[in-house]
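Observations on chain architecture
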Amino acid sequence: MNEKKLVWNEERRELVFDCKVFSVWESYCKPPKLQQTSGELHKFSVIDAKDWAIVVPVIDSPKGTKFVMVWQWRHGAQSLSLEFPGGVFEPGENPQEAAARELHEETGYKPGKIKKIGEFSPNPAIMSNRVHFFLAEDLINTGKQSLDDDEFIKVSLVDADEVHEGIGKHPYIHALMGSALALYLREHNKRI
């Protein structure tokens, strides 16, 4: 099958809502079968948000592998969540810079080595942005976080096996943490 026959063409876009975190647009598109005609446009909602990075910070020791993770209150879920650190890109920042900066700001750790291990669309049905995943190793603990005024974060060193066993259950409720863990396991040729 020629996949190009599945492409919708956007004819116009209208802003519906705009806030600090995202914008919502109505996208008016022609379906693939009507590309050459003046057929009816279909309306879809699209959320535009900044790209962001998620970092899997690893500490290997004779006692096993630990992840540097952060506890945060998540307003949508009305719950605490234990997550890998991460956050949105600053203007002009590349993904690796964003990942290293977010890791340091949220945890106080700087990466000796940082490597991109994957990239996803968080929800390609309605969101336009990308999330970039990084592995951080040879960590240096500066002991100093640099949190935003609205960030209240507690850093925890968590055994990798505990995260693996707990993913998908409280407090590991953030869906993208499952993606980060899967990419980490793939990077280390580990099988579930």
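The next subject is the pairing of strand E5 (residues 64-74). When strand E4 (residues 52-61) meets E5, the two strands line up antiparallel, connected through four bridges. Bridge pairing in E5 places Val58 opposite Phe67. Remark: two residues form the turn of the hairpin made by E4 and E5, two consecutive strands paired antiparallel. Pairing of E5 with strand E6 (residues 79-83) involves five bridges; the strand directions are antiparallel. Along E6, the bridge assignment pairs Arg74 with Ser79. The hairpin formed by E5 and E6 contains four residues between the paired strands, and Gln78 there has a positive phi angle of roughly 50°.

All right, on to the layout of surface pockets then. Where empty space is left can be seen by rolling a probe of water-molecule size over the atoms. Its volume calculated, the largest pocket comes out at about 1300 Å³. If you go around the largest pocket, you meet 34 residues; those closest to its centre are Val21, Gln72, Arg74, Gly87 and Val88. In terms of residue count, helix H1 (residues 95-107) provides more of the lining of the largest pocket than any other element does, four residues in total. Here the residues of the lining of the largest pocket sort into 15 nonpolar, seven polar and twelve charged.

This paragraph deals with the side chain of Ser156. Mapped onto the elements, Ser156 comes out in strand E12 (residues 154-159). Side-chain polar atoms of Ser156 contact the side chain of Trp71, separated by 3.1 Å. If we ignore the near neighbours within four places in the chain, the residues touching Ser156 are Phe67, Val68, Met69 and Trp71.

Among the nonpolar cores identified, the biggest contains 23 residues, and Ile54, Phe67 and Phe84 are the most heavily contacted of them. Sorting the residues of this core by element identifies E4, E5, strand E10 (131-137), helix H2 (160-166) and helix H3 (175-187) as the ones contributing at least two each. For this core, the element with the most residues is H3, which contributes seven residues. In this view, Phe67 contacts Val56, Pro57, Val58, Phe84, Ser156, Leu157, Val158, Ala160, Val163, Leu181 and Tyr184; residues no more than four positions away in its chain are not counted. Of all hydrophobic cores here, the second largest spans twelve residues; its members include Ala53, Phe89, Tyr109 and Leu139.

Scanning the model with the defined rule gives 13 salt bridges in all. With a shortest N-O distance of 2.3 Å, Lys115 and Glu187 are connected by a salt bridge. Of this pair, Lys115 sits in strand E9 (residues 113-120) while Glu187 is found in helix H3, placing the two residues 72 residues apart along the sequence. Each member of the salt-bridge network shares a partner with another, and the members are Glu90, Glu93, Arg101, Glu102 and Glu105.

Conventions and cut-offs
- For every chain, the first residue of the written sequence is number 1, and numbering continues from 1 along that sequence.
- Since the coordinates come from a predicted model, pLDDT governs what is reported: local features require at least 70, and pairs of side-chain atoms require 80 or more to be given and counted, while whole-chain, interface and lining totals use all residues.
- Excluding hydrogens and water, the side-chain figures rest on all heavy atoms present in the structure.
- Pairing between strands is defined by DSSP: at least two bridges between the two strands are required.
- Strands here are runs of E lasting at least two residues and helices are runs of H or I lasting at least four, both read from the DSSP assignment and numbered beginning at the N terminus.
- In the cavity and pocket records, a cavity denotes points on a 1 Å grid over the protein atoms alone where a 1.4 Å probe fits but cannot get out, a pocket denotes an open set with protein on both sides within 12 Å along at least 5 of 7 lines, and lining residues are residues with an atom within 4 Å of a point.
- Grid points are joined across faces, edges and corners, and a volume is the space filled by probe spheres set on the points.
- Residues are grouped as follows: nonpolar covers Ala, Val, Leu, Ile, Met, Phe, Trp, Tyr, Cys and Pro; charged covers Asp, Glu, Lys and Arg; every other residue, Gly included, is treated as polar.
- N or O atoms closer than or at 3.5 Å make up a polar contact, with two conditions inside protein: a donor-capable atom paired with an acceptor-capable one, and, for residues adjacent in sequence, both atoms drawn from side chains.
- Only heavy atoms matter for contacts: two residues are in contact if any of them lie within 4.5 Å across the pair.
- For our purposes a nonpolar core is just a set of buried Ala, Val, Leu, Ile, Met, Phe, Trp, Tyr and Cys residues, chained together by side-chain atoms within 4.5 Å.
- Burial here depends on accessible area, computed with a 1.4 Å probe over protein chains only, as a share of the maximum for the residue type. Under 20% is buried, over 50% is exposed, and the range in between is partly exposed.
- For salt bridges, the criterion is a side-chain nitrogen of Lys or Arg within 4 Å of an Asp or Glu carboxyl oxygen.

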